[in-house]
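Report on the structure
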Amino acid sequence: KKGSVGSTRLDFGGENRLERALKRSSSFGTFQPQATRGQMSVLEQASVSDVTQSGYLTKLSPFEQFAADLNLPLDSGENIDMAMVDYLDQIFLDGADMDDA
């Protein structure tokens, strides 16, 4: 493409909408609700590098363990938010860097 610097994980271009749709569905499959099920959206998956994704998963595990240890429900966005605030308070008080939050 004219003016293109390089390919990205979001580079699923094509000459027309059908061509773009075929390229995207070959990589991601057909549409399935993901964000509402607590999963990363297609756009998040495509835009987050593998290294960053790995870092997210590494940091998610202790949070999930914290919630399980305290029997905190993670069945809604509101409950996840409240549990995360408590978790961040706990790791802050345990001496974690501010960046960890």
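Look a little higher up for the structure.
None of the values given here were measured: they were computed from a predicted structure. (Residues numbered from 1 in each chain as written. Predicted model: local features only at pLDDT ≥ 70, side-chain atom pairs only at ≥ 80, totals over all residues. Heavy atoms only, no water.)

**Things to note about the overall build of the protein chain**
Basically, it comes down to this: Each helix is a run of H or I in the DSSP string that is no shorter than four residues. Each strand is a run of E no shorter than two, and both are numbered from the N terminus. Exposure classes here rest on a 1.4 Å probe applied to the protein chains alone. A residue is buried below 20% of its type maximum, exposed above 50%, and partly exposed in between. Contact definition: two residues touch when any of their heavy atoms are within 4.5 Å. Each accessible area value is a Shrake-Rupley result obtained with a 1.4 Å probe; residue values ignore everything except the protein chains displayed when judging cover.
Assigned secondary structure in the protein chain consists of four helices and zero strands. Its helices and strands in sequence order give the protein chain the pattern α-α-α-α, from N to C terminus. In the protein chain, buried positions account for 11% of the 101 residues. When contacts within the protein chain are restricted to residue pairs at least 6 apart in sequence, those whose partners lie at least 24 apart make up 25%. Carbon and sulfur atoms provide 55% of the accessible area of the protein chain, an area that totals close to 8200 Å².

**Overview of the nonpolar core**
Note on soluble globular proteins: their nonpolar side chains tend to be buried together. How we decide: For the purposes of this section, nonpolar cores are sets of buried Ala, Val, Leu, Ile, Met, Phe, Trp, Tyr and Cys residues that join through side-chain atoms within 4.5 Å.
Listed in full, the five residues of the largest apolar core are Phe-63, Phe-66, Ala-83, Tyr-87 and Ile-91. Counting only elements with at least two residues in this core, the list comes to helix H3 (50-69) and helix H4 (77-93). A per-element tally of this core places H4 first, with three residues. Every residue in contact with Ala-83, bar those within four places of it in the chain, is listed here: Phe-63, Phe-66, Leu-72 and Leu-74.

**What about unusual backbone geometry?**
Positive phi, normally seen in glycine, also occurs at Asn-71, with a value near 55°. With respect to the helices and strands, Asn-71 occurs in the loop between H3 and H4. In this structure Asn-71 comes out as exposed when scored by relative accessible area, which is 67%.

**Some thoughts on the packing of aromatic side chains**
Using the following cut-off: Think of it this way: a Phe, Tyr or Trp ring, Trp meaning its six-membered ring, pairs with another when their centres are within 6.5 Å, and the plane angle makes it stacked under 30 degrees, edge-to-face over 60, tilted otherwise.
Evaluation of the coordinates by the stated rule reveals two aromatic pairs. Both rings, one in Phe-63 and one in Tyr-87, keep their centres 5.6 Å apart while their planes meet at 65°; by these two values the pair is edge-to-face. Here the residue Phe-63 occupies a position in helix H3, and Tyr-87 occupies one in helix H4, the gap between them amounting to 24 residues. Relative accessible area serves as the criterion here: at 5%, Phe-63 is assigned to the buried category. A connected cluster of aromatic rings, assembled from ring pairs, spans Phe-63, Phe-66 and Tyr-87.

**A look at the layout of surface pockets**
Rules: For each structure, a 1 Å grid was placed over the protein atoms alone; sets of points admitting a 1.4 Å probe that cannot get out are labelled cavities, open sets with protein on both sides within 12 Å along at least five of seven lines are labelled pockets, and lining residues have an atom within 4 Å of a point. Grid points are joined across faces, edges and corners, and a volume is the space filled by probe spheres set on the points. Ten residues, namely Ala, Val, Leu, Ile, Met, Phe, Trp, Tyr, Cys and Pro, are considered nonpolar, four, namely Asp, Glu, Lys and Arg, are considered charged, and the remaining ones, Gly among them, are considered polar.
In this structure, the largest pocket spans a volume of roughly 780 Å³. Among the secondary structure elements, those contributing two or more residues to the lining of the largest pocket are H3 and H4. Ranked by residues supplied to the lining of the largest pocket, first place goes to H3 with nine residues. Across the lining of the largest pocket, the residue classes tally to 15 nonpolar, four polar and four charged. If you add up the space inside the second largest pocket, you get close to 170 Å³. In terms of lining, the second largest pocket is formed by Arg-24, Ser-25, Phe-28, Gly-29, Thr-30, Phe-31, Gln-32, Pro-33, Gln-34, Ala-35, Ser-41 and Val-42. Within the lining of the second largest pocket, the residues separate by chemical class into five nonpolar, six polar and one charged.

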